[in-house]
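Listed below, chain by chain, are the residues.
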Amino acid sequence: MGTRDRILDAAAEIMRNRGVVQATTKEIAKAAGFSEAALYKHFSDKEDIILNVLRHRMPSPAGAPPRPGASTVEGNLAAMARDALSFYQQSLPLLGGLLAQPQRMAAHRDSMRRHGAGPGHAIAGIAEYLRAERELGRIASDVDVTAAASLLDGTCFHQAFLRYYQSGPDATPASDELARSLTRTLVRGLGSS
């Protein structure tokens, strides 16, 4: 395993167990068996490490985008919902501490922007998929794809929050049936064929 991977694994473990705020570069370096200086040979800052943990050690919030026109819209959205549910359920304990520290949250938000990342990207990915399906005529031509994407992503986030709130970090993963149920209801409103 390379240095970068060891750093990301150590950071992911600390973030899972203690949250992002407690995952200092000193703690990450110690857990990975390196000096803090070694971290900066591979990552620009702590936010770069966090972003790489989110990208490479967690499921993607939007997963691999489905090919428009393939399978069914409902099936494709259910797959995207499963990915979002999994991502949000795993990321809540990592990012929860940021909400309690406004300055830290602002620094995180600015860094995510600099790295072209952040929570709006999942919505944009779902909307892009829906836009392509709309162009293919598989959903109604008057569907507001950004609103539909926001509804699906927001519902997945809320469901993940409820699971985490009720059972903590040991909550069982959301079921495939939940993902299918959420998308089934959304697809009815899309006028999907």
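Scope of this entry: the structure provided in the associated data block. (Residues numbered from 1 in each chain as written. Predicted model: local features only at pLDDT ≥ 70, side-chain atom pairs only at ≥ 80, totals over all residues. Heavy atoms only, no water.)

1. Points about the packing of helix α4 (residues 46-56) against helix α6 (residues 102-114)
Angle between the axes and distance between the axes are the two parameters that describe a pair of packed helices.
Piece 1. Across the interface, α4 lies against α6 with an axial gap of 10 Å and an inter-helix angle of 70°. Looking at the two axes, α4 sits roughly perpendicular to α6. With respect to the hand of their crossing, α4 and α6 are arranged in right-handed fashion. Where α4 approaches α6, its residues Lys46, Glu47, Ile50 and Leu51 are matched on the opposing element by Arg104, Ala107, His108, Ser111 and Met112.
Piece 2. The residue makeup of the contact of α4 with α6, split by class, is 4 nonpolar, 2 polar and 3 charged. (Axes fitted to C-alpha atoms, helices over the stretch in contact; angles between N-to-C directions. Helix = DSSP H or I, 4+ residues; strand = E, 2+ residues; numbered from the N terminus. Parallel < 35°, antiparallel > 145°, perpendicular 65-115°, else oblique. Left-handed = near helix turned anticlockwise from the far one by under 90°. Contact = heavy atoms within 4.5 Å. Nonpolar A, V, L, I, M, F, W, Y, C, P; charged D, E, K, R; others polar.)

2. Some details on unusual backbone geometry
Piece 1. Although it is not a glycine, Ser71 sits at a positive phi angle of roughly 55°.
Piece 2. Mapped onto the elements, Ser71 comes out in the loop between α4 and α5 (73-99).
Piece 3. Relative accessible area serves as the criterion here: at 54%, Ser71 is assigned to the exposed category. (Buried < 20%, exposed > 50% of the residue type's maximum accessible area, 1.4 Å probe, protein only.)

3. So, the packing of aromatic side chains
Piece 1. Summed over all chains, the structure comprises 3 aromatic pairs.
Piece 2. The interplanar angle of 80° and the centroid separation of 5.2 Å between the aromatic rings of Tyr88 and Phe157 together place this pair among those described as edge-to-face. Taken together, the residues span a long stretch of sequence, with Tyr88 in helix α5 and Phe157 in helix α8 (residues 145-167) at a distance of 69 residues.
Piece 3. Given a relative accessible area of 39%, Phe157 falls into the partly exposed group. (Phe/Tyr/Trp six-rings, centres within 6.5 Å; stacked < 30°, edge-to-face > 60°.)

These values are about where atoms sit, not about what they do.
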